[in-house]
Amino acid sequence: FTVHSGATTDLPLLNNPDSHRFYYDALLTMGYDQGVTVDIKNHGYGFLISQLWHITGVTIVAPMVLNVLAMLLSILLCGGIAWRMLRGETTKSGRWIASCAMIMSASVCYFLNSGTLLLKEAFLILAFSLIGFSISSLVKMPTSRRRCVKMILMFTLGVLILSFLRFNFLIMPIIGALILMRWQKKHL
C-alpha cells in the first residue's frame, strides 16, 4: 500500500485491484460504506480483516502484519516438512535439511510477494503448510497420542482456513492425505 497523495493507513491507496476489493469488502462488512462497489464472490478474507479491525481499529497495518507473520510461519513449516519427509533418507542433518528448505522457500518471490500485499494467498499458503506439516508428522514421525492430537488439530486448522478462504481447494488436502497414507503403508 502507499500513503502518498494524501492517503493514510486507515484509508490507503491500494494499487492492486484484489487488495482494493478486500479492503473495501472488510469496510462494508463492518458497516462502513465508502461508496465503493465491491464485486467479491467469497467474503472470507474481508470478514477475517474486519474481525481483526474490531480489535485493532481500521488500519492497513494490522492485516499486513498478519500476512507477513503467515508467510514467516509458512517458511518455518516448510523447513519442518522437508526435515520430516527426508528423515532417514539422507545423511544430511535435520537442521541442514530444514535450513535449506527454509532458504529455498524464502527465496520464492511468490511467498514474499504474497506477504507484502493485502491478498488472501498468504493465508492459503499457511493453510497448506499447516496441512503438509501435520500430515508429514503423522506419517514420518513416531508420535505420542498427545502429539497426534496436536497434529490433527493443526490439520483441522489448515482445512478451516481453506474452507473459509477457498472452499474449492479442499480436495487437495484429501488427495495429499491419501498419497501420504499410501506412502506410509509402502514404506517408501
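Criteria and thresholds
Residues numbered from 1 in each chain as written. Predicted model: local features only at pLDDT ≥ 70, side-chain atom pairs only at ≥ 80, totals over all residues. Heavy atoms only, no water. Helix = DSSP H or I, 4+ residues; strand = E, 2+ residues; numbered from the N terminus. Buried < 20%, exposed > 50% of the residue type's maximum accessible area, 1.4 Å probe, protein only. Contact = heavy atoms within 4.5 Å. Core = buried A, V, L, I, M, F, W, Y, C linked by side-chain atoms within 4.5 Å. Phe/Tyr/Trp six-rings, centres within 6.5 Å; stacked < 30°, edge-to-face > 60°. Arc of directions from axis to C-beta.

Undergrad: Honestly, the overall build of the protein in this entry has me stumped. Any pointers?
TA: In terms of regular secondary structure, the protein is built from eight helices and zero strands. The N-to-C order of helical and strand elements in the protein reads α-α-α-α-α-α-α-α. Residues counted as buried form 41% of the 188 residues belonging to the protein. For the protein, long-range pairs separated by at least 24 residues make up 62% of all intrachain contacts whose partners lie at least 6 apart in sequence.

Undergrad: Even after reading the chapter, I still don't get the nonpolar core, so can you show me in this structure?
TA: Taken as a class, soluble globular proteins show a tendency for nonpolar side chains to be buried jointly. Within the largest apolar cluster, 44 residues are counted, with the highest numbers of intra-cluster contacts made by Tyr23, Tyr45, Ile49, Trp53, Leu118, Phe123 and Leu162. Going through the elements one at a time, α1 (17-30), α2 (44-56), α3 (61-86), α6 (121-140), α7 (145-165) and α8 (171-186) are the ones with two or more residues in this core. With residues up to four places along the chain from it excluded, the contact list for Tyr45 reads Phe22, Asn67, Leu118, Leu119, Lys120, Phe123 and Leu165.

Undergrad: Whenever I open this one, the packing of aromatic side chains confuses me. Can you help?
TA: The description of two aromatic rings rests on the distance between their centres and on the angle between their planes. Throughout the structure, instances matching the rule amount to six aromatic pairs. Between Tyr45 and Phe123, the ring centres sit 6.3 Å apart and the planes meet at 55 degrees, which makes this aromatic pair tilted. Note that Tyr45 is positioned in helix α2 and Phe123 in helix α6, a separation of 78 residues in sequence. As far as the burial class goes, Tyr45 and Phe123 line up, both buried. Between Phe128 and Phe169 the ring centres are 6.1 Å apart and the planes differ by 40 degrees, which places this aromatic pair in the tilted class. A residue pair is termed long-range when its members are at least 10 positions apart, and Phe128 in helix α6 and Phe169 in the loop between α7 and α8 qualify at 41 residues.

Undergrad: Quick question: what am I supposed to make of helix α5 (residues 109-116) here?
TA: In an α-helix there are 3.6 residues to a turn, and that puts residues three or four apart on one side. For α5, the set of buried residues is Phe111, Ser114 and Gly115. When α5 is viewed along its axis, its buried side chains cluster within an angular range of 95 degrees and face the same direction. Buried-residue contacts for α5 involve α3, α4 (94-106) and α6.

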